Amino acid sequence: MKKQIIAAAAAAMICVGAIGGTFAYLTSQTETVNNTFTVGNNVAFAEDGGLDEAKVNELGEAEPGAERVTKNEYKLLPGHEYTKDPTVHIKGGSEPCYVFVHVENGISGIEDSTQTIAAQIEQNWTKVADKPGFYYWKDGVVTPGVNDTDLIVFSKFGVKENAKYEELKTVAEGGNSITITACLIQADGFTDANEAVNALPTEFLNPGAAAN
């Protein structure tokens, strides 16, 4: 009886050993796929100023060697022409972008009709549909190089020859001015500038509302 029990135990041990054994399967493994990420260079205005113009005296004559400014004061005279060259400066290395400007022309009523600000702008900028005063760079996407990219909005303005003193006084004392604002937005993700305009900041598209 003891021999039978020992034999049965030995058989059980053999079975356990068989169940716990290792089997060799055919296998194959791929190489690891690694993903790396970088961040775009952003879209940014030049570090020393994104929008400025030449410094001029009250007659609109540029002051040689002077640093560019964000504000000038002019004395309005009939038939006179003034230098005013607002320029957008985009930082070198920025991602491709669309460039928009908003121009509020408070002196349109006394302008020389042969060289209006609007006509000058439209030489290099395209009107944004249904948004008066808004324009985008005519070539669409702007791809800055290593150095800053400069885009001139317009270069001068003139007063009509038959402007009356009362008209000039009304403009000067009424707080009228020429105001320019610029905005950049990445080009990636948009088919064209007309689509990109819908993603521009509200404070740019509605400056009056933002101020209230």
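This one's a predicted model, so the numbers in the text were calculated from it and none came from an experiment.

### Quick notes on the packing of aromatic side chains
Consideration 1: If you walk through the whole model with that rule in mind, you get six aromatic pairs.
Consideration 2: With centroids separated by 5.7 Å and ring planes inclined at 85 degrees, the aromatic side chains of Y74 and Y82 adopt a geometry described as edge-to-face.
Consideration 3: Assessed through its relative accessible area of 1%, Y82 is described here as buried.
Consideration 4: On the numbers, 5.0 Å between centres and 80 degrees between planes, the contact of W125 with W137 is edge-to-face. Within this pair, whereas W125 is found in strand β5 (residues 125-127), its partner W137 is found in strand β6 (residues 134-137), the two being separated by twelve residues in sequence.
Consideration 5: Three or more aromatic residues joined by ring pairs make a cluster, and in this case those are Y74, Y82 and F157.

### Description of the nonpolar core
Consideration 1: By size, the foremost hydrophobic cluster in this structure holds 29 residues, and its most contacted members are V99, W125 and V153.
Consideration 2: Among the secondary structure elements, those contributing two or more residues to this core are β3 (87-90), β4 (97-105), α2 (117-121), β6, α3 (165-173) and β9 (178-186).
Consideration 3: With residues near it in sequence (within four places) discarded, W125 still touches V99, V101, Y135, Y136, W137, K138, L151, I152 and V153.
Consideration 4: Within the second largest apolar cluster, 14 residues are counted, among which are Y136, C183, I185 and F204.

### Let's talk about the pattern of salt bridges
Consideration 1: If you walk through the whole model with that rule in mind, you get eight salt bridges.
Consideration 2: Close ionic contact of K91 with E47 constitutes a salt bridge, the shortest N to O distance being 2.9 Å. Placement of K91 in the loop between β3 and β4 and of E47 in the loop between α1 (2-19) and β1 (51-52) is noted, with a sequence separation of 44 residues between them.
Consideration 3: Residue K91 is classed as partly exposed on the basis of its relative accessible area of 31%.
Consideration 4: Judged by its relative accessible area of 70%, E47 is exposed.

### Notes on the sheet that holds β1
Consideration 1: Spatial ordering of the open sheet is given by β1-β3-β7, a layout of three strands whose pairing is antiparallel. This sheet does not close on itself; its edge strands, each paired only once, are β1 and β7 (149-152).
Consideration 2: Relative to β7, β3 runs antiparallel, the two being bridged by four bridges. Among the inter-strand pairings, V88 is bridged to a residue of β7, identified as L151.

### Considering the state of the cysteines
Consideration 1: By the definition in use, this model includes zero disulfides.
Consideration 2: Note on C97: no disulfide assigned, nearest cysteine sulfur contributed by C183 at a separation of 9.9 Å.
Consideration 3: The class of C97 is buried, set by a relative accessible area of 0%.

### Digging into the side chain of T149
Consideration 1: Within the secondary structure layout, T149 lies in strand β7.
Consideration 2: Residue T149 is classed as buried on the basis of its relative accessible area, which comes to 18%.
Consideration 3: Aside from chain neighbours lying at most four places away, what touches T149 is V88, H89, I90, V142 and P144.

### Description of the environment of I152
Consideration 1: Mapped onto the elements of the fold, I152 is located in strand β7.
Consideration 2: Through-space distance from the C-alpha of I152 to that of L51 is 9.6 Å; in sequence the pair is 101 residues apart.

### Notes on the sheet that holds β5
Consideration 1: Within the open sheet, the four strands sit side by side as β5-β6-β4-β9. Their pairing is antiparallel. With one partner strand each, in any of the chains shown, β5 and β9 form the two edges of the open sheet. Sheet twist, expressed as the average angle between the axes of neighbouring strands with direction ignored, equals 30 degrees.
Consideration 2: Two elements, β4 and β6, share three bridges in a ladder whose sense is antiparallel. For F100, the partnering residue across the bridge sits in β6 and is Y136.

### Side note on the confidence of the model for the chain
Consideration 1: Averaged over all residues, the pLDDT of the chain is 86; the fraction at 70 or higher stands at 82%.
Consideration 2: Considering only residues more than four positions removed or in separate chains, one finds that residues 5-20, a stretch of pLDDT under 50, has zero contacts.

Scoring rules and cut-offs
Every chain is numbered independently, its residues counted from 1 as its sequence is written. In view of the model being predicted, local features appear only for residues whose pLDDT reaches at least 70, and side-chain atom pairs are presented and counted only at 80 or more, with totals across whole chains, interfaces and linings using the full set of residues. The side-chain figures draw on all heavy atoms in the structure; neither hydrogens nor water molecules are used. Between 30 and 60 degrees the pair is tilted, below 30 it is stacked and above 60 it is edge-to-face, where a pair is any two Phe, Tyr or Trp rings, Trp via its six-membered ring, whose centres lie within 6.5 Å. Exposure classes here rest on a 1.4 Å probe applied to the protein chains alone. A residue is buried below 20% of its type maximum, exposed above 50%, and partly exposed in between. The secondary structure listing takes helices from DSSP runs of H or I that are at least 4 residues long and strands from runs of E that are at least 2 residues long, numbered from the N terminus. Put simply, a nonpolar core is a bunch of buried Ala, Val, Leu, Ile, Met, Phe, Trp, Tyr and Cys residues held in one set by side-chain atoms that sit within 4.5 Å of each other. Contacts were defined at the residue level, with two residues in contact if any of their heavy atoms lie within 4.5 Å. Any carboxyl oxygen of Asp or Glu that lies within 4 Å of a side-chain nitrogen of Lys or Arg is treated as forming a salt bridge with it. When DSSP finds two or more bridges between a pair of strands, those strands are recorded as paired. Cysteine sulfur atoms that come within 2.5 Å of each other are treated as a disulfide pair. Note on geometry: axes are lines fitted to C-alpha atoms, helical ones only across the stretch in contact, with angles between N-to-C directions running from 0 to 180 degrees. The predictor rates its confidence in each residue with pLDDT, a number between 0 and 100.

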